[in-house]
Amino acid sequence: MLKTNAFAIDEASQIMGVLLIQSHYNYYNEGNSPMGLQVQAQEVLPVRELQLTEGHFREATGLITTTHLDQIGFLRFRDAVEDFLDRGGRWIFNGHLMRPLVEGLRNYVPLPSQRRVDLDQIRLNSHPIFLGIDQKKLEENRGVAGFYGRGHNPMPEGAVAINGIGPDKVAVDWVWARPRGGEIFSHSGNEFWGCGDDPDLKASLLDRAVRWAGGKLN
């Protein structure tokens, strides 16, 4: 089992990888899991949320947060996250936005109706993470729809919708190139690389997500 505290750094250390905020006990620790393999390759550096310092954000080359993020606690790093983005960093946010983590973001809006047809997905614009991937393969887990998303984080001005959901095609995924610098990729559901039933597809999505966050996929 991987020990995430092996990757904890102090203020003087340098992270040369994508910072994964580990907000759930034992989350993605399995050494043979797709995320575990990313950690072993030192492409992803997990840090427990309670062990975070501003130094982690100063040295990170990318940032990934999960649906388990303690958004109230994370507000104490708002300035550090803004600085990270201003330097050109990329942040993949998974989950429901419920706090003003960055200027310009707004709170999650659930779908008013959640029938099966309301959970249909469609690609709206291309993005390197999803290039060549059939979005329909991510709609269901073991025949059950809704894990991918049941609402949306409203897009800031200038953001581009990637994947839509339901008859109104609201943006369950979007990317925002901030005017001040950096990019935020928002996914308003469970981690998108955990959706669908194809393990190879999941691993590919995670690999692409990590490379995009780290500036290696454009």
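Attention in this report is confined to the structure presented alongside it. (Residues numbered from 1 in each chain as written. Predicted model: local features only at pLDDT ≥ 70, side-chain atom pairs only at ≥ 80, totals over all residues. Heavy atoms only, no water.)

**Description of the side chain of Thr 65**
Next up, step 1: With respect to the element layout, Thr 65 can be found in strand 3 (residues 62–65).
Next up, step 2: A relative accessible area of 0% means that Thr 65 is categorised as buried.
Next up, step 3: Side-chain polar atoms of Thr 65 contact the side chain of Trp 91, separated by 3.0 Å.
Next up, step 4: Leave out the neighbours within four places in its chain, and Thr 65 touches Ile 21, Phe 74, Trp 91, Ile 92, Phe 93 and Asn 94. (Helix = DSSP H or I, 4+ residues; strand = E, 2+ residues; numbered from the N terminus. Buried < 20%, exposed > 50% of the residue type's maximum accessible area, 1.4 Å probe, protein only. Polar contact = N/O pair within 3.5 Å; in protein donor to acceptor, adjacent residues only side chain to side chain. Contact = heavy atoms within 4.5 Å.)

**A word on unusual backbone geometry**
Next up, step 1: In this structure, Gln 42 takes a positive phi of about 60 degrees despite not being glycine.
Next up, step 2: For Gln 42, the location among the structural elements is in the loop between helix 1 (34–40) and strand 2 (44–48).
Next up, step 3: Classification of Gln 42 as exposed rests on a relative accessible area of 52%.
Next up, step 4: If you check the backbone angles, Lys 169 has positive phi at about 55 degrees while not being a glycine.
Next up, step 5: Relative to the helices and strands, Lys 169 resides in the loop between strand 10 (160–165) and strand 11 (170–177).

**Topic: helix 4 (residues 78–86)**
Next up, step 1: Among all positions of helix 4, only Ala 80, Val 81, Glu 82, Phe 84 and Leu 85 are buried.
Next up, step 2: If you follow the buried residues of helix 4, they end up packed against helix 2 (54–59), strand 3, helix 3 (71–74), strand 4 (90–94) and strand 12 (183–187).
Next up, step 3: One or two residues past the end of helix 4 sits Gly 88, with phi positive at roughly 100 degrees.

**Concerning the pairing of strand 12**
Next up, step 1: The buried fraction of strand 12 amounts to four of the five residues, a majority that puts the element mostly inside the structure.
Next up, step 2: Sheet topology places strand 4 next to strand 12; five bridges connect them, and they run parallel. Considered in strand 12, the bridge of Asn 94 is made with His 187.
Next up, step 3: Connecting strand 11 to the antiparallel partner strand 12 that follows it, the hairpin turn spans five residues, and Gly 181 within it adopts a positive phi of roughly 120 degrees. (Pairing = 2+ DSSP bridges.)

**Some remarks on the side chain of Arg 178**
Next up, step 1: Looking at where Arg 178 falls in the secondary structure, it is placed in the loop between strand 11 and strand 12.
Next up, step 2: Polar contacts involving the side chain of Arg 178 include one to the side chain of Glu 82, which spans 2.7 Å.
Next up, step 3: Only 3.0 Å separates the side chain of Arg 178 from the side chain of Asp 86, close enough to count as a polar contact.
Next up, step 4: When residues no more than four places from it in sequence are discounted, the contact partners of Arg 178 are Glu 82, Leu 85, Asp 86, Val 102 and Ile 184.

**Some points on the sheet that holds strand 12**
Next up, step 1: Here we have eight strands laid out as an open sheet, ordered 2-1-3-4-12-11-10-6, and mixed in their pairing. Because the sheet does not close on itself, it has two edges, and the strands there are strand 2 and strand 6 (121–123). The sheet shows a mean angle of 20 degrees between the axes of neighbouring strands, taken without regard to direction.
Next up, step 2: Taken strand by strand, helix 5 (residues 199–213) contacts strand 1 (18–22), strand 2, strand 3, strand 4, strand 11 and strand 12, and its axis lies near 140 degrees from that of strand 4. (Axes fitted to C-alpha atoms, helices over the stretch in contact; angles between N-to-C directions.)

**Quick notes on the nonpolar core**
Next up, step 1: Ile 92, Ile 129, Phe 130, Phe 185, Phe 192, Trp 193 and Leu 205 are the most contacted members of the largest nonpolar core, which has 31 residues in total.
Next up, step 2: Contributing elements (two or more residues each) for this core: strand 1, helix 1, strand 10, strand 11 and helix 5.
Next up, step 3: Ranked by residue count, the leading element in this core is helix 5, at seven residues.
Next up, step 4: In this view, Leu 205 contacts Ile 129, Phe 130, Ile 133, Leu 138, Phe 192 and Trp 193; residues no more than four positions away in its chain are not counted. (Core = buried A, V, L, I, M, F, W, Y, C linked by side-chain atoms within 4.5 Å.)

**A closer look at the pairing of strand 1**
Next up, step 1: Strand 1 sits mainly inside the fold: five of its five residues count as buried.
Next up, step 2: Of the two faces of strand 1, the one lined by Val 18, Leu 20 and Gln 22 and the one lined by Leu 19 and Ile 21 are each fully buried.
Next up, step 3: The pairing of strand 1 with strand 2 spans five bridges and is parallel. If you follow Val 18 over to strand 2, its bridge partner there is Val 44.
Next up, step 4: With three bridges connecting them, strand 1 and strand 3 associate as parallel partners. Its bridge partner being in strand 3, Leu 19 is matched across the sheet by Leu 63.

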